[in-house]
Structures are given as structure tokens and as C-alpha cells.
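Chain residues, written in single-letter form:
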Amino acid sequence: MYYPQQSPAIAHKLASHHDQSSWPRPHHQVLGPPGSQPNVGPPPPSPGYALYTNGSIQHHPHPHHPLPMQHHHHQNSLSHYPSPTNGHSLQQHVLSQNSPATATGQIMSAHWQQQLLKCEMIRSSRSPFHRARASALASRTVAKAAIPITNPNFVKPPDAPPETDAAEASPASIAAGAVNHPSSTVAPIKAPRPTSIRPPENSWSSLDMGGVNLKNIPPTSGLFTFNFLINLYLNHNALTTVPPQIAKLRHLELLDLSGNPLSTLPPELGMLTQLKELYVFDNQITDIPPELGTLHQLKTLGVEGNPLDTSLKQLVQKDGTHALISYLRDSCPVPTPPPERVWKNLLSPAEEEAMQSDPYTETISVLSYNTLCPKYATERLYGYTPAWALTWDYRKQLVLTELVKHDTDFLCLQEVDIAAYEDYFSKYLKGHDYDGFHWPKSRYKTKKDTERRQVDGCATFYKASKYTLVEKQLIEFSAVAMQRPDFEKTDDMFNRVLIKDNIAVVCLMEDKQTHTRFIVANAHLDWDPLFCDVKLVQVALLLDEIDKIAANFAKYPPPPPPSAHTPASDEADPGGSGPGDPGASSSTSASTSKPLPRPAPHYSDGTKIPLIICGDFNSAPESGVYEFLSTGQLAPTHPDFLSHKYGKYTTDGLRHRLGLKSVYAALGPGDPPLTNYTPSFQGSIDYIWYSSANVAVNGALGEVDKGYLEKVVGFPNAHFPSEYVVLPSFHVHGVLTHVLCAP
């Protein structure tokens, strides 16, 4: 990498069509003729992105001040200031020959005016390491007055309340803030979902490599290991290509590629979903890859000075960058679908043979899936998803295909609204031998009829030919919390727990043939990472209620034993041959090939009944929710409680005796497969838990192909109808055998 040793104190002029123009220079329609303006300061920043400011400094105080040349040009914060004039003022800069400002009848909208101002600012930054030098100058300390001047009427603001500090100090809260996953389980949504993610810690986050005649960046360059970079300046070099490895710098918010002879942009730039400013001024670009349509946070795509396709340029001129990004996103070709997820068999050949030879081993399969309610599938939340792929008419077909494809015994679905359940799921799943029920969240009680159908909740389906629904129960966490005598009606209860309307549904099932009982729970906890204490309360209430329900279910009397002489036996022996009949021997031999029906099982207590808990827990494996579910206890001082008080939960701690284990834990050590995939979060927040005393996992559905994930920014997309992924499968020792989960 070559850095010419030129003194920044000398005004350098690089050859460009701006400096060599020999014809009369027309007046800028916005700026006016030279000399008609006051001293030009920094142009206004792009909305929502502080591009031209650095603290309180708003302009370059000494444009000709010489600075020592340095070889270490990365800074903590490289701001955008007008460069040393190099003999030119902003009035002297003219638009390029292709600029629409020189065209008759060109579109001059506010979007385009701002782009032209930024273009001129970038053109004035052609000198080597301009941003690094400007930042160094701006960061110089200013001598303070010997006698500080203070306001005698100034009133010191009160200190922040202690609970804010507790929340910030909570590891789970910090992790949740970093996770920042875009769950859409709260409505109405009153604030934009935060989408920024924290880059790795580093002492500097900006790198200036501009104006140094850089001709090539090899794909193996160490530059692509700097995944902590936020700002990268490669402007005014001699680059003819940008390596696809640029996509590794996932935290970039500003990328300047202006002033290079680039003719194309790599489609991989679309993976940089944190970008807010992308400058490609003064290149040779004629087209924009449609893959850049995933840059949903982009405020400015600087295209002036390129022989860009007329229709694309006019779109930017008239409606701005957002319109162009939306067009690219919705017109992008559908990528190649991923390979089918592989089923992972967790049994050894000997175990599998023993299971098949045991006539009393029963299997059960379960799938859990957050379907993403149509009300929450909006462009504001999922700006990287094509508009056509967000429509419910498109997504519902993919959801149904996914559900039917696995043909599981139970389907536990979250974020299913009343309309989708009544008009779609119950109707079409009935044709696949499914019966089911649905409960909306508590808020539906306060809605009008038309709004009520849009309230989401939990839906559970089961194979009607195989199981009998003995009973179903709704758990409204806020209502259960109100009924607990140990919960003092404090501000914490009213302002945190009772304002949430999350629910869980529990169904008590019985096998029609063996009369084995199962308990299948379907839960959806609160989404907000700042309410990790509420999630703990909700999951504790859930397990407390399940324990009571199971204990009561165990007391139900078993069904009467089958009679010795059934209609089936009559059909098997229509001739009524007796013991002395010659055909009796063969009939007896045939009957011994099938196991005799065993007596209906008796359950001494609720923990003996196989239990499966599915759902969207909105909690990472490092959270207190996961720790409590997997270990059966949680200290009352756990930081996820955020120093709030919740009766015995925060005095004695949390405990349960259900002996739960996550299906993913059966896959062995290592990180659990991701169940949620978006630009700002990739990880596990959905789980299937089972009672390990009477259930064992024999298989699980594998992960989504990693090669595919490396090429898509997030879900939903053309192939995945929800931001969540579908979960695995397991079996119960001697009773159950298999369960399938889906995030």
C-alpha cells in the first residue's frame, strides 16, 4: 500500500475535470454565482446522521494551518469538514459535465440539493488523509480562560434514579441491548425499533485511506479484519474494483468510495445493513446492483458525477435515496433457495433397534413456530425485506407449507391473530387431520370487533385421529400475578408486570390407543430487553401454574380397561372358530404378532406425566430465564431482577421441580442453533423444553445452511416467511419418543 510523502501544508491539486474545465462555468442553480454568498460553512447534515459536526466545532478555523505528516492515520472520530481550500472555494467548484444541474429542466428537489452540497464537500476532500488531518486539528485542546465564567442561576439537575443504574449494570440487560432483536410482539408500536448493533470494542473506529493513489485492495488484505470500523474513507484513489470481502465490515456506517475509476459496485455491499452514508461520487458507475436494496438505513447514496442510468438518477433526484433503495429492494431477483435442513438422529444404532423392538415405546413430535403476525410485518420494522415478501398473502402459504411438511403430532404457534386462525390455519390444517384452539392476548377484551380480529395470541394444533384433548387452560400472566397473595401491589407490579398482556396456553392430552397423558404448553413471553425482570416473573408464574395443572391432571381417573372381547376380535375371526377349530392355531399366531394392549398408566403425581413446553421466550441462553428453566432455581439477587421487588420471587428466589431440559442441549456442547435471524440479531430466543425424567430426544432438525445465511441479511425474505426459524424433535423413555421444534 503506497502512501506518497507529501506535506499537507502544500496545496495539492489532483487532475480532475473540475480543475481542467476550459469552458465558461455556469452558475449553480442553488448556490448562485460566485461571490453572491457569505462565507461558506459546512453544508447541512443528512437527516438523522451527524455528518458535518464534531462536538461544538462547526467549521475549519485555519484552512491553511500546516500539520505534521503522520503514518498512523486512524482516529477515534473522523468528522467531515471542508478541506483546505487548495486555491478553491466552494463557489469555484463546478458541477461535473454530467451533472443534472447543467441540464435543462433538471429536477432540483430538496433531496438533490443536499446531495449536490455533499458532493462538493467530498470533492474538496481529495488531499491525502484529509479526514484524518481535519480530525486531528479539530481535536486540539483549546486554552481555557483563567477565570471560568459560570451561570449563577444554573440549577444542577437531579441525579438519575438508582434503578436506571441497576438496569444498566445488569449483564442480561446489557446483553439484551446488544442483542436488540427485532421482536414484533408489542403493539401498538409507538417508537421505531432500534436497529444499531455494537461493534467490537476498539480504541479507534475510523480509517482514512483517501487521496493516496491506492490502486488495489487484495481480497486477503488485513483491512477486512477490522470489523470494528464505523467509518472508512477510500476516496480519491485509483481503485478499479472493490473486493467482495468488504461485506465483512458489518458495522460500517459510512463508506466513501468517491473519486475512483469504479465502473461497478460489488453486490456484497448489500450486506452492510448498518450503512447510513455511501458515497460513490465521481466514478464511472452506470448501474446500481439491486442487492443494495437491503440497505434500509441508508440516508444518502451519493451518485452525482457518474454516467448512471437515467431512470435511477431521476428517482434519486425526485424522491431521494430511500425511493431508490425501495425500488432496488422490491425489484431484486429472488436468490437461490437454501438446501433442505438435515434431520439429526441422536440415537445410536443399538438404541434405535431397541426402541423399535419395544412395542410399548411411544413417539410424539412437536413443532414450535412464531409465525410473525401480519400486523407487525411492516416496512418500518423489516425495511430490508421486499414489500411483496411481507404481504400476508405471500407469507401464509410458506408458513402452511412449513407446518404441513413436517407432519408433526403437535403444532405450537405464536403470533397468530384471530383472523389468521379462523380464516386460514384452522380451515386448511383441518384437511391434514389437525384440530386445535386459539387464545388471543388479553388486550382483545378492550378492542372493537374489527380491531379484535387483529390481536395475536397462541394457537395449538394436534392430530385429531391420534389424541384426545382432555382439557385446555389459559394462563394470563398479569391476571395470575394479581391473584398471588405474596405479591405486594407495589409500583413495580403495576408499572411493569401488569401492563404486559402476554399469555400461555396449556393443553392436557391423552393418546387414544394407549391412554398415555401428555401436557403441552405454548408460551410467548414479553419481548422488551429492558424488562428482563418481567420475563423472569412470567416464566416463574408459568411453571408454578403448570405444576398445579399437572398435579390435578394426575388425579384424573384412568379410562376403563378394554374388554376382553372387542368388535375388532370379532372381525378378526368372523367364522367364530373355537379352541378346537383347526384354524385357531394360525389365528393365535397372528394375534401374538401384535402386543396386547397394556393397562392405562397411573400417575402418582404430576411430575410423572410427560411435559413439553414450547414457545418464544425472547431470552438468550445467558439470561436468567434460561438459567431458571434449565437448573430449576435462581437466586433472589440475580441481576435480571433489576433490583425490583416481586414477593417471594425476590426474597426466596425461584424454584421448580419439573426437571426441564432444552432440546438443543441434547445436541451436545456448543452454541445452540439460531432461532431468530435479522440484521441486528442472530441467536436463540425460542426453545422447546421437556421433562427429562420421562422424555428423551431421539432427533432434531438441523440448522439453516450457513452458506445461505452468509448471503442474506435477515428474515423474513422470499424463502422464510418469519424472522424466526422452525424448531427440532424428541422421544419419551418407554412412553413418548419424539418432538420437533421450530423457531
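Numbering of residues starts from 1 in every chain and runs along the sequence as written. For this predicted model, a pLDDT threshold of at least 70 governs which residues receive local features, and a threshold of 80 or more governs which side-chain atom pairs are given and counted, while totals over whole chains, interfaces and linings are taken from all residues. Side-chain calculation: all heavy atoms of the structure are included, whereas hydrogens and water are not.

Trainee: Got a sec to walk through helix H2 (residues 130–138)? Specific residues and values, please.
Mentor: The buried count for H2 comes to eight of nine residues, which makes it a mostly enclosed element. Residue burial is assigned from relative accessible area. The probe radius is 1.4 Å, only protein chains are included, and a residue is buried under 20% of its type maximum, exposed over 50%, and partly exposed in between. Numbering of helices and strands runs from the N terminus; a helix is a DSSP stretch of H or I covering at least four residues, while a strand is a stretch of E covering at least two. Three or more residues of H2 are buried, namely His-130, Arg-131, Ala-132, Arg-133, Ala-134, Ser-135, Leu-137 and Ala-138.

Trainee: Tell me about helix H9 (residues 392–406), residues and numbers included.
Mentor: Residue pairs spaced three or four apart in an α-helix point in one direction, given the helix's 3.6 residues per turn. Each residue after the first adds 1.5 Å to the expected span of a helix. Here H9 spans 21 Å end to end across 15 residues, near enough to the 21 Å set by a 1.5 Å rise per residue. Every buried residue belonging to H9 is among Trp-392, Arg-395, Val-399, Leu-400, Glu-402 and Leu-403, and all of these are buried. Along the axis of H9, the buried residues cluster in a sector spanning 160 degrees; they form a single face. H9 presents Asp-393, Gln-397 and Thr-401 as exposed residues on the side facing more than 90 degrees away from its buried surface. On its buried side, H9 packs onto strand S9 (366–370), helix H8 (387–390), strand S10 (410–417) and helix H10 (418–430). Within two residues after H9, Asp-407 carries a phi angle of roughly 50 degrees, on the positive side. Read the arc as the range of directions from the helix axis to the C-beta atoms. Contact criterion: two residues are considered in contact whenever any of their non-hydrogen atoms come within 4.5 Å of each other.

Trainee: Tell me what's going on with the sheet that holds strand S22 (residues 686–691), and back it up with residues and numbers.
Mentor: A pair of strands is labelled paired if DSSP reports no fewer than 2 bridges between them. Strand order in the open sheet made by the six strands is S13-S14-S15-S16-S22-S19, with mixed pairing throughout. Since the sheet does not close on itself, it has two edges, and those belong to strand S13 (467–476) and strand S19 (660–662), each with one partner. Within the sheet, the average angular offset between the axes of one strand and its neighbour, ignoring direction, is 20 degrees. Note: S19 against S22, three bridges, orientation antiparallel. Opposite Lys-661, over in S22, you have Tyr-690 as the bridge partner. Relative to the sheet, helix H14 (residues 532–554) contacts S13, strand S14 (503–511), strand S15 (517–524), strand S16 (611–616) and S19, its axis offset from that of S15 by approximately 160 degrees. Axis definition: a line fitted to C-alpha atoms, over the contacting stretch in the case of helices. Angles run 0 to 180 degrees between N-to-C directions.

Trainee: I'd love a proper account of the packing of aromatic side chains, names of residues and values included.
Mentor: Any pair of Phe, Tyr and Trp rings, taking the six-membered ring for Trp, is counted once the centres come within 6.5 Å. Such a pair is stacked with planes under 30 degrees apart, edge-to-face with planes over 60 apart, and tilted for the rest. Evaluated as defined, the whole model comprises 23 aromatic pairs. Here the aromatic rings of Phe-437 and Trp-439 are separated by 6.1 Å at their centres, their planes lie at 75 degrees, and the arrangement is edge-to-face. Taking relative accessible area as the criterion, Trp-439 reaches 22% and is therefore assigned partly exposed. Ring plane angle 80 degrees and centroid distance 5.8 Å describe the contact between Tyr-467 and Phe-518, whose orientation is recorded as edge-to-face. Here the residue Tyr-467 occupies a position in strand S13, and Phe-518 occupies one in strand S15, the gap between them amounting to 51 residues. The same class applies to Tyr-467 as to Phe-518, namely buried. Aromatic rings pair up to connect Trp-392, Tyr-424, Phe-425 and Tyr-428 into one cluster. Over the ring of Tyr-434 we find Lys-463, and its NZ or CZ is 4.5 Å from the ring centre. For Lys-472, the ring lying beneath its charged end belongs to Phe-437, and the centroid distance is 5.8 Å. A ring is scored as having a charge over it whenever the NZ atom of a lysine or the CZ atom of an arginine sits within 6 Å of its centre and within 35 degrees of its normal.

Trainee: Talk me through the pattern of salt bridges; I want residue IDs and the actual numbers.
Mentor: Within this document, salt bridges are pairs made up of a side-chain nitrogen of Lys or Arg and a carboxyl oxygen of Asp or Glu, the two lying within 4 Å of each other. Counted according to the given criterion, the structure contains 28 salt bridges. Between Lys-445 and Glu-476 there is a salt bridge, with the nearest N and O atoms lying 3.3 Å from each other. Separated by 31 residues along the polypeptide, Lys-445 in the loop between strand S11 (434–440) and helix H11 (449–452) and Glu-476 in strand S13 bring together distant segments of the chain. Residues Arg-484 and Asp-486 are paired through a salt bridge, measuring 3.2 Å at the closest nitrogen-oxygen approach. When sorted by exposure, Arg-484 lands in the same class as Asp-486, which is buried. Here the residues in one salt-bridge network are Lys-441, Arg-443, Asp-456 and Asp-501, joined through shared partners.

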